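Chain and residue survey
In case you want the letters, here they are:
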Amino acid sequence: MAFKIEVTESKVKAEKYESLLPQIVALIKNENNLIANLGNVCSALKYSFESFIWVGFYLKCEDNQDELVLGPFQGRVACTRISFGKGVCGKAAESKKTVIVENVDEFTGHIVCDPMSKSEIVVPVIAEGEVIAVLDIDSGEYSSFDDTDKKYLEMMIENIKHIFSEK
Ligand code: SME
């Protein structure tokens, strides 16, 4: 069945998230394949916000617990492996906290994948106290992300994270 995401045309970010999040929950409701669902979540996010140039998940490696490996994403090709503690993704994974970077050039250790990226947010996915993945979003504009993105993206992750145990 085709599923169409329609997000409120609004300059107010919170209104867009309010409109998008229930649609994302509905999008994954009748499917239990992790790859399919993560791919669709990335697409729904990327095409709802004009400034988003890369949206993807990095998943904790099964063979190396201190490493993330590239999962489903939307955007240009990206680095495949990131160690915990390295780059923005690794920092979020290590700290178990969302990291917002207003200007990627000012973040020591930032890993460049798409040179068009100007700012970034990484939200960890935590299950039973352990990071199992991170959601990484890159924007083509500086200072794209703030506490509103953090609030709604963390809420989204809470609402969809059951899919990680359905694979
Ligand atoms: N910039 C990220 C690497 C992943 S790409 O942006 C897709 C980082 O520093 O962890």
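The structure this text deals with has already been given above.
The paragraphs below set out a description of the structure included in this document. All values reported here derive from a predicted model rather than from experimental measurement.

**Points about the side chain of Asp-136**
Among the secondary structure elements, Asp-136 is positioned in strand E6 (residues 130-139). Buried and unpaired, Asp-136 has no salt bridge, with Lys-46 as the nearest side chain of opposite charge at 13 Å. With sequence-adjacent residues up to four places away left out, Asp-136 is seen in contact with Trp-54, Val-55, Gly-56, Tyr-58, Cys-89, Glu-120, Ile-121 and Val-122.

**Side note on the pattern of salt bridges**
Once the charged atoms of two side chains with opposite charge are near each other, the side chains can pair. Applying the stated criterion to the full structure yields seven salt bridges. Among the ionic pairs, Arg-76 bridges to Asp-114, the shortest N-O distance being 3.4 Å. Here Arg-76, found in the loop between strand E2 (67-74) and strand E3 (81-83), pairs with Asp-114, found in the loop between strand E4 (99-101) and strand E5 (119-127); they are 38 residues apart in sequence, far enough to count as distant. A relative accessible area of 55% places Arg-76 in the exposed class. According to the relative accessible area criterion, Asp-114 is buried, its value standing at 6%. In this structure, the salt-bridge partner of Lys-161 is Glu-158, at a minimum N-O distance of 3.2 Å. Members of the salt-bridge network, linked through shared partners, are Lys-13, Asp-146 and Asp-149.

**Structural notes on the sheet that holds strand E1 (residues 52-60)**
With respect to topology, six strands assemble into an open sheet ordered E3-E2-E1-E6-E5-E4, the strand pairing being antiparallel. Because the sheet does not close on itself, it has two edges, and the strands there are E3 and E4. Looking at each pair of strands side by side, their axes are set apart by 25° on average, direction ignored. The pairing of E4 with E5 spans three bridges and is classified as antiparallel. Pairing of Ile-100 across the sheet is with Ile-121, part of E5. Helix H3 (residues 87-95) rests against E1, E2, E3, E4, E5 and E6 of the sheet, and its axis sits at about 35° to E5.

**Comments concerning the site of the ligand**
Around the ligand there are 13 residues in total, and Val-88, Cys-89, Ile-111, Glu-120 and Asp-138 lie nearest to it. The separation between a nitrogen atom of the ligand and a polar side-chain atom of Glu-120 is 3.1 Å. Protein contacts shield 100% of the accessible area of the ligand, which totals 310 Å² for the unbound molecule. Applying the majority rule of atoms within 2 Å of the grid points places the ligand in the largest cavity. Looking at the shell around the ligand, the elements that each hand over two or more residues are E1, H3 and E6. Among the elements that take part in the shell around the ligand, H3 stands out by supplying three residues, more than any other. Partitioning the shell around the ligand into residue classes produces eight nonpolar, two polar and three charged.

**As for empty space enclosed by the protein**
Summed over the entire model, instances satisfying the criterion amount to one cavity of 30 Å³ or more. Taken as a whole, the largest cavity holds about 110 Å³ of empty space. In this structure, the largest cavity is lined by 15 residues; those nearest its centre are Cys-89, Ile-111, Cys-113, Glu-120 and Asp-136. Among the elements of the structure, E1, H3 and E6 are those that each provide at least two residues to the lining of the largest cavity. Among the elements that line the lining of the largest cavity, the one with the most residues is H3, at three residues.

About the thresholds
- Residues numbered from 1 in each chain as written.
- Predicted model: local features only at pLDDT ≥ 70, side-chain atom pairs only at ≥ 80, totals over all residues.
- Heavy atoms only, no water.
- Helix = DSSP H or I, 4+ residues; strand = E, 2+ residues; numbered from the N terminus.
- Buried < 20%, exposed > 50% of the residue type's maximum accessible area, 1.4 Å probe, protein only.
- Lys, Arg positive; Asp, Glu negative; His and termini not counted.
- Salt bridge = Lys/Arg side-chain N within 4 Å of Asp/Glu carboxyl O.
- Contact = heavy atoms within 4.5 Å.
- Pairing = 2+ DSSP bridges.
- Axes fitted to C-alpha atoms, helices over the stretch in contact; angles between N-to-C directions.
- Near = heavy atom within 4 Å.
- Polar contact = N/O pair within 3.5 Å; in protein donor to acceptor, adjacent residues only side chain to side chain.
- Areas by Shrake-Rupley, 256 points an atom, 1.4 Å probe, with all protein chains shown as cover.
- 1 Å grid on protein atoms, 1.4 Å probe; cavity = no way out; pocket = protein on both sides within 12 Å on 5 of 7 lines; lining within 4 Å.
- Sits in = over half its atoms within 2 Å of the grid points.
- Nonpolar A, V, L, I, M, F, W, Y, C, P; charged D, E, K, R; others polar.
- Points joined across faces, edges and corners; volume = space filled by probe spheres on them.

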